[in-house]
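Next come the chains, spelled out residue by residue.
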Amino acid sequence: MENREIILEINHLTKVFQDEPDVNAEPILEDLNLQLHRKEFLSILGPSGCGKTTMLRCIAGFESYEGEILVGGVSTTKPGTDRIMVFQDFNQIFPWQTVEKNIQYPLKLQGIKDKDQLKAISDEYLKKVNLDGTQKKYPHQLSGGMKQRVAIAKALAQKPKIILMDEPFAALDAMTRNKLQAELLNISRQEDCTFIFITHNIQEAIVLGDRIIVMSKKGKIKIDKQNTLARPITPASPGYGDMWTLFHDAIEE
Ligand SMILES: Nc1ncnc2c1ncn2[C@@H]1O[C@H](COP(=O)(O)OP(=O)(O)O)[C@@H](O)[C@H]1O
Ligand SMILES: [Mg+2]
């Protein structure tokens with residue numbers, strides 16, 4: 001991974017929510033530094049409230065911050081189509097649009113007008129997430145897992161540099177979750193895209209991540225580990241148990 005170009009560089013990121021003007025609020029993130037390589041898949045673990053979502057929102061351009069966030073070497077402070085967020089919520093796609101129109105909508109905003117081209121792109125990405133045949137369906141006709149697949153297809157179709165995923169599988173049942181993990185792993189290998197994936201699930205972090213970070217209070221990076229386990233990774237993989245314990249203990253502390 002070391003010889004790949006750096007796609008994301010976070011330098012001295014500090015975030016303070018100034019809720020009351022006269023009170024000196026504590027920072028939520030303090031001097032956070034992180035570099036990510038192109039095509040890297042980063043899993044982030046950490047206790048609730050340690051600032052994971054806030055960090056992602058800063059990268060997405062949804063929050064003001066102190067410090068510097070560079071994407072492809074360019075300083076970013078506003079949302080852009082080079083960074084797309086995928087949430088836990090099943091209702092992040094428009095309920096009044098069909099599956100294919102949901103995927104095509106941001107592409108139209110980006111200036112693609114040709115109907116055949118739009119159709120070709122939405123078909124291609126629906127196939128990638130195993131949803132071929134659902135083009136004309138509406139979100140209410142889909143299961144939670146299918147809606148999350150649409151959200152992933154919609155994100156990928158925009159060809160962002162970075163996909164920011166905030167516990168996207170947290171509300172799914174265990175079997176659907178395992179299936180989506182395997183699919184996402186497969187897709188992430190094919191796309192020229194960098195992934196940041198927040199999860200509370202240690203198994204999920206290990207199965208997906210090329211690299212796993214454990215964050216603690218104020219966005220402190222407590223563990224930053226390359227995942228060297230042979231793929232596909234299962235709980236029976238040699239080394240899995242040690243890694244699981246390492247992360248588990250670091251989160252608990
Ligand atoms: N808009 C906000 N205003 C004030 N405090 C916030 C806001 N958003 C998040 N926080 C606080 O920031 C801390 C980190 O939250 P968050 O980034 O959501 O953590 P995590 O995703 O790791 O659970 C929490 O203490 C939370 O209450
Ligand atoms: Mg969160």
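Everything that follows concerns the structure shown earlier in this document.
Remember, it's a predicted structure, so these values are computed and weren't measured experimentally.

### Regarding the nonpolar core
Item 1. With 64 residues, the main nonpolar core has Ala-153, Ile-163, Leu-164, Ile-196 and Phe-197 as its most contacted residues.
Item 2. The dominant element in this core, judged by the number of residues it contributes, is helix α4 (residues 144-157), at eight residues.
Item 3. Residues in contact with Ala-153, not counting those within four places in the same chain, are Ile-103, Tyr-125, Leu-126, Lys-128, Val-129 and Leu-131.

### Points about the packing of helix α2 (residues 99-109) against helix α3 (residues 115-128)
Item 1. Running from amino to carboxyl end, α2 crosses α3 at an angle of 120 degrees, the nearest separation of the two axes being 9 Å. Our classification of the angle between α2 and α3 gives oblique. You can see that α2 and α3 cross each other, and the crossing is right-handed. Between α2 and α3, the residues in contact are Val-99, Glu-100, Ile-103, Gln-104, Leu-107 and Lys-108 and Leu-118, Ile-121, Ser-122, Tyr-125 and Leu-126, respectively.

### Structural notes on the environment of Lys-159
Item 1. Tracing the backbone through its elements, the reader meets Lys-159 in the loop between α4 and β7 (162-166).
Item 2. Judged by the 16 C-beta atoms lying within 10 Å of it, Lys-159 is partly exposed.

### Comments concerning the sheet that holds strand β3 (residues 41-45)
Where strands meet in a sheet, backbone hydrogen bonds hold them as pairs that are either parallel or antiparallel.
Item 1. Across the sheet, which stays open at both edges, the six strands sit in the order β6-β7-β8-β3-β9-β10 with mixed pairing between neighbours. Bordering the open sheet on either side are β6 (83-86) and β10 (220-226), each of which pairs with just one other strand. Across this sheet, the average inter-strand angle for adjacent strands is 20 degrees, counted without regard to direction.
Item 2. Bridge analysis of β7 against strand β8 (residues 194-198) gives five bridges, and the strand direction is parallel. Its bridge partner being in β8, Ile-162 is matched across the sheet by Thr-194.

### Considerations on the sheet that holds strand β5 (residues 74-75)
Item 1. Taken in spatial order, the four strands make up an open sheet running β2-β1-β4-β5, and their pairing is antiparallel. At either end of the open sheet lies a strand with only one pairing partner, and these are β2 (29-37) and β5.
Item 2. Two elements, strand β1 (residues 6-15) and strand β4 (residues 66-71), share five bridges in a ladder whose sense is antiparallel. In the strand pairing of β4, Asn-11 is matched with Glu-68.

### Some points on the site of ligand 1
Item 1. As a matter of local geometry, ligand 1 sits amid Phe-17, Asp-19, Ile-28, Gly-46, Ser-48, Gly-49, Cys-50, Gly-51, Lys-52, Thr-53 and Thr-54.
Item 2. Partitioned by chemical class, the residues of the shell around ligand 1 number three nonpolar, six polar and two charged.

### Let's talk about the pairing of β4
Item 1. Examined bridge by bridge, β4 and β5 share two bridges and lie antiparallel to one another. When the bridges of β5 are listed, Val-71 appears paired with Val-74.
Item 2. Count of turn residues in the β4/β5 antiparallel hairpin: two residues, of which Gly-72 carries a positive phi of about 55 degrees.

Here is what the cut-offs are and how they apply
- Residues numbered from 1 in each chain as written.
- Chains lettered and ligands numbered in written order.
- Predicted model: local features only at pLDDT ≥ 70, side-chain atom pairs only at ≥ 80, totals over all residues.
- Core = buried A, V, L, I, M, F, W, Y, C linked by C-beta atoms within 7 Å.
- Buried ≥ 20, exposed ≤ 12 C-beta atoms within 10 Å, placed from the backbone.
- Helix = DSSP H or I, 4+ residues; strand = E, 2+ residues; numbered from the N terminus.
- Contact = placed C-beta atoms within 7 Å.
- Axes fitted to C-alpha atoms, helices over the stretch in contact; angles between N-to-C directions.
- Parallel < 35°, antiparallel > 145°, perpendicular 65-115°, else oblique.
- Left-handed = near helix turned anticlockwise from the far one by under 90°.
- Pairing = 2+ DSSP bridges.
- Near = placed C-beta within 6 Å.
- Nonpolar A, V, L, I, M, F, W, Y, C, P; charged D, E, K, R; others polar.

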